[in-house]
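This is what each chain is made of:
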Amino acid sequence: MECKKFVYADNAATTRLSTDVLNKMMPYLTENYGNASSLYNFGNIARSAVDLARKQIADAICAEQNEIYFTAGGSESDNWAIKGIAATMRKKNKNHIISSAFEHHAVLHTLKALEKEGFEVTFLPVYENGIISIDDLKNSIREDTGLVTIMFANNEIGTIQPISQIGEICKDKKIIFHTDAVQAVGNIAIDVKSLNIDLLSMSAHKFHGPKGVGALFVRKGIFLPNLIHGGGQERSRRAGTENVAGIVGMGAAIEISCRNIEQKNKKLRAISQRVIDGALRIERSRLNGDPEKRLAGNVSLCFEGIEGESLLLMLDAMGVCASSGSACTSGSLDPSHVLLSIGLPHEIAHGSLRLSFSDENTLEDADKILEVLPGIVKRLRSISPLWDKIKQKEIKH
Ligand SMILES: *Cc1c(COP(=O)(O)O)cnc(C)c1O
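So, a few notes on the structure that sits alongside this text.

About the thresholds
- Residues numbered from 1 in each chain as written.
- Predicted model: local features only at pLDDT ≥ 70, side-chain atom pairs only at ≥ 80, totals over all residues.
- Heavy atoms only, no water.
- Pairing = 2+ DSSP bridges.
- Helix = DSSP H or I, 4+ residues; strand = E, 2+ residues; numbered from the N terminus.
- Axes fitted to C-alpha atoms, helices over the stretch in contact; angles between N-to-C directions.
- Contact = heavy atoms within 4.5 Å.
- Patch = residues over 30% accessible without salt bridge, like charges linked within 9 Å, V, L, I, M, F, W, Y side chains within 5 Å.
- Areas by Shrake-Rupley, 256 points an atom, 1.4 Å probe, with all protein chains shown as cover.
- Salt bridge = Lys/Arg side-chain N within 4 Å of Asp/Glu carboxyl O.
- Near = heavy atom within 4 Å.
- Polar contact = N/O pair within 3.5 Å; in protein donor to acceptor, adjacent residues only side chain to side chain.
- Nonpolar A, V, L, I, M, F, W, Y, C, P; charged D, E, K, R; others polar.
- Buried < 20%, exposed > 50% of the residue type's maximum accessible area, 1.4 Å probe, protein only.
- Core = buried A, V, L, I, M, F, W, Y, C linked by side-chain atoms within 4.5 Å.
- Phe/Tyr/Trp six-rings, centres within 6.5 Å; stacked < 30°, edge-to-face > 60°.
- Lys NZ or Arg CZ within 6 Å of the ring centre and 35° of its normal.
- Expected span 1.5 Å × (residues − 1).
- Left-handed = near helix turned anticlockwise from the far one by under 90°.

### Let's talk about the sheet that holds strand S12 (residues 352-356)
- Ordered in space as S9-S10-S12, the three strands form an open sheet in which the pairing is antiparallel. Two strands close off the open sheet at either side, each with one partner strand: strand S9 (285-287) and S12. Averaged over all neighbouring strand pairs, the angle between strand axes comes to 25°, with direction disregarded.
- One ladder, built from three bridges, connects S9 with strand S10 (residues 298-303); its direction is antiparallel. By the bridge assignment for S10, Arg286 is matched with Cys302.

### Re the sheet that holds strand S2 (residues 68-71)
- With mixed pairing, seven strands are arranged side by side in an open sheet as S2-S8-S7-S6-S5-S3-S4. Every interior strand has two partners, whereas the edge strands, S2 and strand S4 (120-124), have only one. Averaged over all adjacent pairs, the angle separating strand axes in this sheet is 20°, with direction ignored.
- Pairing of strand S3 (residues 96-100) with strand S5 (residues 145-149) involves three bridges; the strand directions are parallel.

### Things to note about the environment of Phe223
- Tracing the sequence through the fold places Phe223 in the loop between strand S8 (214-218) and helix H7 (244-257).
- It is 45 Å that separates the C-alpha atoms of Phe223 and Val7, two residues lying 216 residues apart in sequence.
- Other than its neighbours up to four places away in sequence, Phe223 contacts Ile85, Thr88 and Arg237.

### Points about a nonpolar patch on the surface
- Where nonpolar side chains cluster on the molecular surface, the patch consists of Tyr33, Tyr40, Phe42 and Ile45 and spans about 440 Å² of accessible area.
- By the secondary structure assignment, Tyr40 is in the loop between helix H1 (19-29) and helix H2 (41-60).

### Section: the site of the ligand
- Taken together, 13 residues sit near the ligand, with Ser75, Asp180, Gln183, Ser203 and Lys206 positioned nearest.
- Gly74 places a polar main-chain atom, nitrogen or oxygen, 2.9 Å from an oxygen atom of the ligand.
- Between the ligand and Gln183, the relevant distance is 2.6 Å, taken from an oxygen atom to a side-chain nitrogen or oxygen of the residue.
- Isolated, the ligand exposes 380 Å² of accessible area, and the fraction of that covered by the protein chains is 87%.
- Taken together, the residues of the shell around the ligand break down into two nonpolar, eight polar and three charged.

### Description of the pattern of salt bridges
- In the structure shown here, the tally under the stated rule is 19 salt bridges.
- Across the pair Lys391 and Glu394 runs a salt bridge whose closest N-O atoms are separated by 3.0 Å. Of this pair, Lys391 and Glu394 both sit in helix H13 (residues 385-396), separated by three residues, roughly a single helical turn.
- Overall, the relative accessible area of 24% leaves Lys391 in the partly exposed class.
- Glu394 sits in the partly exposed class, given a relative accessible area of 34%.
- One salt-bridge network, in which partners are shared between bridges, spans Glu283, Arg284, Arg286, Glu304, Lys391 and Glu394.

### A closer look at the nonpolar core
- Ranked by internal contacts, the top residues of the largest apolar core, which has 65 residues, are Ile166, Ile190 and Leu200.
- Sequence-distant contacts of Leu200, defined by excluding residues within four places in its chain, comprise Ile61, His178, Thr179, Ala181, Val185, Ile190, Val192, Ala215, Leu216 and Phe217.
- Counting residues in hydrophobic clusters, the runner-up holds 28 residues, among them Leu268, Ile282, Ile376 and Leu380.

### A word on the side chain of Ser300
- Assignment of secondary structure puts Ser300 in strand S10.
- Overall, the relative accessible area of 4% leaves Ser300 in the buried class.
- Once residues within four sequence positions are removed from consideration, Ser300 is found in contact with Glu156, Ile157, Arg286, Leu287, Asn288, Arg294, Leu339, Leu353 and Arg354.

### Here's the deal with the packing of aromatic side chains
- Under the criterion given, the structure shown has two aromatic pairs.
- With a centroid separation of 5.8 Å and an interplanar angle of 80°, the aromatic rings of Tyr69 and Trp80 are classed as edge-to-face. Taken together, the residues span a long stretch of sequence, with Tyr69 in strand S2 and Trp80 in helix H3 (residues 74-91) at a distance of eleven residues. Pair check on accessibility: Tyr69 and Trp80 agree, each one buried.
- The cationic tip of Arg381 hangs over the ring face of Trp387; the distance from NZ or CZ to the ring centre is 3.9 Å.

### Some thoughts on H2
- For H2, which comprises 20 residues, the first-to-last C-alpha distance of 29 Å matches the rise-based estimate of 28 Å (1.5 Å per residue) to within 8%.
- Buried-residue contacts for H2 involve H1, S2, strand S7 (199-203) and H7.

### So, the packing of H2 against H7
- It is the contact of H2 with H7, at a shortest axis distance of 8 Å, that shows an interaxial angle of 35°. Between H2 and H7 lies a crossing of left-handed hand. Of the residues in H7, those touching H2 at Ala46, Ala49, Val50, Ala53, Gln56, Ile57 and Ala60 are Val244, Ile247, Val248, Met250, Gly251, Ala252, Ile254 and Glu255.
- Class assignment of the residues belonging to the contact of H2 with H7 gives a composition of twelve nonpolar, two polar and one charged.

Below, the structure written as structure tokens:
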């Protein structure tokens, strides 16, 4: 057995592959190596396993099995949904897409690419609470709006968007509604039918499944062009021999993680709240995003007068794995687009820390973080010219 030497608090970046899930996958990496598309019985074993996983995923979001398409992850699902619908919009002379300013880069950069091709995109502002406004959405809709793509829950600050209202508006206006639900699946109960979602992206490694496998829900009746041409897999829409073990793992993982969402969230809220209460005792600190309408396991904080990157390195040295925001932006000196989108000034957005918990974390993990965090912030501030300035201003006032 592995021994846990560190506190892993970066579950929004990825989660540990659950041992039960690995055990379900193993036979398909070893003895059951048949091709799911073959006609002999040996291939049928793999076919049945893929079918079961498709059912597990459909059941988890209240969809039909033939509305689920396997992909290589969340980014691929987002790209396929958005570029695919954009291509169908062209034929209908629709040129306008609505999204939000704080989408994951898999959505944001896809939309930027479409802008270069001539599409017009409205990026709805996000307010201080980390939530878009329904009035803004209504006011942005035009005659030629063909797609709304707004994430279910944000990956950096964890805030949950008014998906049900967005779905209703889109249904009413006959606009296709896609949501990047990569952070939500497994953490929030989702019913794509009652929420009027047309397309939904998910990724297995965010809920204790394997990396490199995801799925896209496409509501029956929505036309989406094929992503990969080739064999007849995924009803010819995404060709290529199935990643059987990955798909089996995704099915098992989604079933496990959707089993006791309420109970799991109760535990996560307790861990998060302990960290939030402790961290907010540090002067000039803040919690980013709505305190209620957020993923139970997400804690996004800012500490004035320090750099998030230095904070991360020192936390790492003390055995805490965390993030300053999205893993994709680390390494760049710009503060996160998400924190800027909710109106934080650059200098505050720089001092960000995201702690994201899963059901494998404990209250002890929260205590361990709080044992080291205040001391690290204090030390970094003691050598920060920025902090000096803040303090001098305080004296003057
Ligand atoms: C992780 C993540 C993605 C990307 O998923 P991959 O499977 O890593 O490609 C997309 N959107 C959100 C909100 C995410 O958190």
